[in-house]
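# Descriptive structure summary
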Amino acid sequence: MAEHHLTTPITDADVEKLKTGDVVFITGHIYTARDAAHKRLVETLDAGNPLPFDLKGALIYYVGPSPAPPGRPIGSAGPTTSYRMDTYAPRLHSLGLKGTIGKGKRSDEVKAALAEHKAVYLGATGGAGALLSQRITDAKVIAYEDLGPEAIRELTVKDFPLLVINDCHGGELYVKPNLG
């Protein structure tokens, strides 16, 4: 297991050196999007219109943050379950999206897209949204404000801690729960 410090936008070379189980600290801009925002992104593409942010080298964090408390740019920002975006992710990866951040397993179609397009799936620690929000230094809504917590935001992060779950080489991290 290695440790990597990456700055966005992410490149093919960045992704190629990542292996399942590696720890990654991201600095720069990442974008938030959940189910409703993904649906709109795909509808925008289908209509032939430009997306509200450049996918090339981007990371999308599957999160619907809570309102910001006084003096903070964002409230609790823990990951949501990723499989709900699996129908959209391969298309976005084909357009240059370099990674997604969430929790839970991904479909075989997403894993194939990661390999084909040199992308990565990163896990954020579920249940640690308040701690993760401390690594977010700025947050602004950039699209679909009517979606409230599911609006697309551009987050500025510093050393945002993640774990490689699926790498572009076909590796997959799965920890079997100890049930007794």
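Report follows, based on the coordinates.

The rules behind each value
- Residues numbered from 1 in each chain as written.
- Predicted model: local features only at pLDDT ≥ 70, side-chain atom pairs only at ≥ 80, totals over all residues.
- Heavy atoms only, no water.
- Helix = DSSP H or I, 4+ residues; strand = E, 2+ residues; numbered from the N terminus.
- Rg over C-alpha atoms; globule rule 2.2 N^0.38 Å.
- Buried < 20%, exposed > 50% of the residue type's maximum accessible area, 1.4 Å probe, protein only.
- Contact = heavy atoms within 4.5 Å.
- Areas by Shrake-Rupley, 256 points an atom, 1.4 Å probe, with all protein chains shown as cover.
- Lys, Arg positive; Asp, Glu negative; His and termini not counted.
- Charge placed at Lys NZ, Arg CZ, Asp CG, Glu CD.
- Right-handed = clockwise from strand over helix to strand, strands pointing away.
- Pairing = 2+ DSSP bridges.
- Expected span 1.5 Å × (residues − 1).
- Arc of directions from axis to C-beta.
- Phe/Tyr/Trp six-rings, centres within 6.5 Å; stacked < 30°, edge-to-face > 60°.
- Lys NZ or Arg CZ within 6 Å of the ring centre and 35° of its normal.

This part is about the overall build of the protein chain. Helix and strand counts for the protein chain stand at five helices and seven strands. Counted from the first residue to the last, the protein chain has its helices and strands arranged as β-α-β-α-β-α-β-α-β-α-β-β. Taken against the 2.2 N^0.38 rule, which gives 16 Å for 180 residues, the C-alpha radius of gyration of the protein chain at 15 Å falls within 12% of a compact globule. With respect to the principal axes defined by its C-alpha atoms, the protein chain has extents near 40 × 40 × 35 Å. The burial tally for the protein chain puts 48% of its 180 residues in the buried class. Long-range contacts, defined here as pairs at least 24 residues apart, represent 63% of the contacts in the protein chain between residues at least 6 apart. Accessible surface for the protein chain amounts to roughly 8,500 Å². Of this, 53% is attributable to carbon and sulfur atoms. Of note, the protein chain has its 20 positive side-chain charges centred 3 Å away from the centre of its 21 negative side-chain charges.

We now examine the pairing of strand 5 (residues 120–123). The alternating pattern of strand 5 places V120 and L122 and Y121 and G123 on opposite faces, both of which are buried. This β-α-β element, strand 4 (residues 99–102) to helix 4 (residues 108–117) to strand 5, shows right-handed connectivity. Note: strand 5 against strand 7 (residues 152–166), three bridges, orientation antiparallel. Across the sheet, L122 pairs through a bridge with V164, a residue of strand 7.

Turning our eyes to something else, we now look at helix 2 (residues 35–46). The end-to-end C-alpha distance of helix 2 is 17 Å, a good match for the 16 Å that twelve residues give at a rise of 1.5 Å each. Regarding helix 2, the residues found buried are A37, H38, L41, V42, T44 and L45. Viewed end-on, helix 2 has its buried residues packed into an arc of 155°, placing them on one side of the element. Summarising the contacts, the buried residues of helix 2 are in contact with strand 3 (59–61), helix 3 (89–94) and strand 7. G48 lies just past helix 2 and shows a positive phi near 80°.

With that settled, consider helix 4. Turning to helix 4, its buried residues number three or more, namely V110, A113 and L114. One side of helix 4 holds all its buried residues, which, seen down the axis, span an arc of 105°. Exposed and oriented more than 90 degrees from the buried face of helix 4 are D108, E109 and E116. The secondary structure elements touched by the buried residues of helix 4 are helix 3, strand 5 and strand 7. K118 sits one or two positions beyond helix 4 and adopts a positive phi of about 50°.

Turning to the environment of P67, a few remarks are in order. Within the secondary structure layout, P67 lies in the loop between strand 3 and helix 3. Put simply, P67 and A77 are ten residues apart on the chain and 9.5 Å apart in space, counted from C-alpha to C-alpha.

So, about the packing of aromatic side chains. Counted under the stated rule, the structure contains two aromatic pairs. Ring geometry for Y31 versus F53: centroids 4.2 Å apart, planes at 15°, classification stacked. Here F53 lies in the loop between helix 2 and strand 3 and Y31 lies in strand 2 (residues 23–32), a separation of 22 residues in the sequence. Grouping residues by exposure puts Y31 and F53 together as buried. When the centroid spacing of 5.4 Å and the interplanar angle of 70° are considered together, the rings of Y61 and F160 count as edge-to-face. Remark: F160 occurs in strand 7 and Y61 occurs in strand 3; sequence separation between them is 99 residues. In this structure F160 comes out as buried when scored by relative accessible area, which is 0%. Over the ring of Y121 we find R106, and its NZ or CZ is 4.8 Å from the ring centre.

Function cannot be inferred from these measures alone, as they are strictly geometric.
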